[in-house]
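Commentary on secondary and tertiary structure
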Amino acid sequence: MTQAGTGLLLVVSSPSGAGKTTLCKRLLAERPELRFSVSYTTRPPRSGERDGVDYHFVSDATFDDMVSRGAFAEWNWVHGRRYGTGIETVRQALASGCKVLLDIDYQGATRILAEFADAARLIFILPPSLPILEARLRGRGTDSEEVIATRLRKARDELSHFSMYHYLVLNRDLSVGYDELRAVYLRELAKAEGRAPSDDEEACAAACLTTNRAAVAERILAGGEA
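Fair warning: this is a prediction, and the values are worked out from it, not measured in the lab. (Residues numbered from 1 in each chain as written. Predicted model: local features only at pLDDT ≥ 70, side-chain atom pairs only at ≥ 80, totals over all residues. Heavy atoms only, no water.)

Looking at helix H9 (residues 210–221)
Under the 1.5 Å per step criterion, the end-to-end length of H9 is only 14 Å for 12 residues, more than 12% shorter than the ideal 16 Å. Among the residues of H9, Thr-210, Arg-213, Val-216, Ala-217 and Ile-220 are the ones counted as buried. Along the axis of H9, the buried residues cluster in a sector spanning 115°; they form a single face. Elements that come into contact with the buried residues of H9 comprise strand S8 (120–126), helix H5 (130–140), helix H6 (145–159), strand S9 (167–170), helix H7 (174–192) and helix H8 (199–207). (Helix = DSSP H or I, 4+ residues; strand = E, 2+ residues; numbered from the N terminus. Expected span 1.5 Å × (residues − 1). Buried < 20%, exposed > 50% of the residue type's maximum accessible area, 1.4 Å probe, protein only. Arc of directions from axis to C-beta. Contact = heavy atoms within 4.5 Å.)

Focus on the nonpolar core
The biggest cluster of nonpolar side chains holds 57 residues, and the ones touching the most others in it are Leu-9, Val-11, Ile-112 and Leu-126. For this core, the element with the most residues is H7, which contributes 7 residues. Apart from the residues within four sequence positions on either side, Leu-126 is in contact with Leu-159, Leu-168, Val-169, Leu-170, Asn-171, Arg-213, Val-216, Ala-217 and Ile-220. By size, the runner-up hydrophobic cluster in this structure holds 6 residues, among which are Tyr-40, Val-58, Phe-63 and Met-66. (Core = buried A, V, L, I, M, F, W, Y, C linked by side-chain atoms within 4.5 Å.)

Some points on the packing of H5 against H6
Axis separation between H5 and H6 bottoms out at 11 Å; the angle between their running directions is 145°. Considering how the two elements wind past one another, H5 and H6 form a crossing that is right-handed. Residues Leu-130, Leu-133, Glu-134, Leu-137, Arg-138 and Arg-140 of H5 touch H6, and the partners they reach there are Glu-145, Ile-148, Arg-151, Leu-152, Ala-155, Arg-156 and Leu-159. (Axes fitted to C-alpha atoms, helices over the stretch in contact; angles between N-to-C directions. Left-handed = near helix turned anticlockwise from the far one by under 90°.)

Describing the sheet that holds strand S4 (residues 56–57)
Strand order in the open sheet made by the 4 strands is S4-S3-S6-S5, with mixed pairing throughout. Each having just a single partner strand, S4 and strand S5 (72–78) make up the two edges of the open sheet. Here strand S3 (residues 40–41) runs beside S4; their pairing, made up of 2 bridges, is parallel. Its bridge partner being in S4, Tyr-40 is matched across the sheet by His-56. (Pairing = 2+ DSSP bridges.)

Remarks on the packing of helix H1 (residues 20–30) against H7
Put simply, H1 and H7 touch, their axes get as near as 10 Å, and they point 55° apart. Classified by the angle their axes make, H1 and H7 are oblique. Classified by chirality, the crossing of H7 by H1 is right-handed. Where H1 approaches H7, its residues Thr-22, Leu-23, Cys-24, Arg-26, Leu-27 and Glu-30 are matched on the opposing element by Leu-174, Ser-175, Gly-177, Tyr-178, Leu-181, Arg-182 and Tyr-185. For the contact of H1 with H7, the class distribution of residues is 7 nonpolar, 3 polar and 3 charged. (Parallel < 35°, antiparallel > 145°, perpendicular 65-115°, else oblique. Nonpolar A, V, L, I, M, F, W, Y, C, P; charged D, E, K, R; others polar.)

Such coordinate-based values are descriptive only and should not be taken to indicate function.
As structure tokens, then:
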């Protein structure tokens, strides 16, 4: 287990289409002290993505070399491509008291929690329902039926691991979902800095604790609505 001083590692996961990227980008824009941990990937850049900003885009050979050197805190295959988190970057950031946001799936979150248990706080973004998630995926107009079916199967698998997370943020509406994510971050930031959060932040974040929202996740997983 890595000791992390007053650093904070916010680990955010969700199924594709649940709104995680939008929520995280807004939080990063509002909270300048919060840094985004740029992952490594073997997939090619998408339109508008920048190397070193959105991802570190590397070759399979480079990724293989990093794996062999133990350079990743975690790495996984996602839709046929590999993604990984550089371990030294995270260690150095936490040792200097930085607040870091990681956008990874549940498998990566498991490894991050094992490596950085003192600093890591895990948040899962819930969609209102699986049918709504499917509608969001279709609404993008960018994926084939095969890709959508694959994403929905993966979504069920990801949702089934909700209990390993500290918080469950429900993204029924972007403004409400953001308020919850922000409250969770501010609550954990206050704890990391040895102070009390505001009453509003505490109440909103506490409602998102997995122990308080597990029944909602179970309903969604069973095909119902939150």
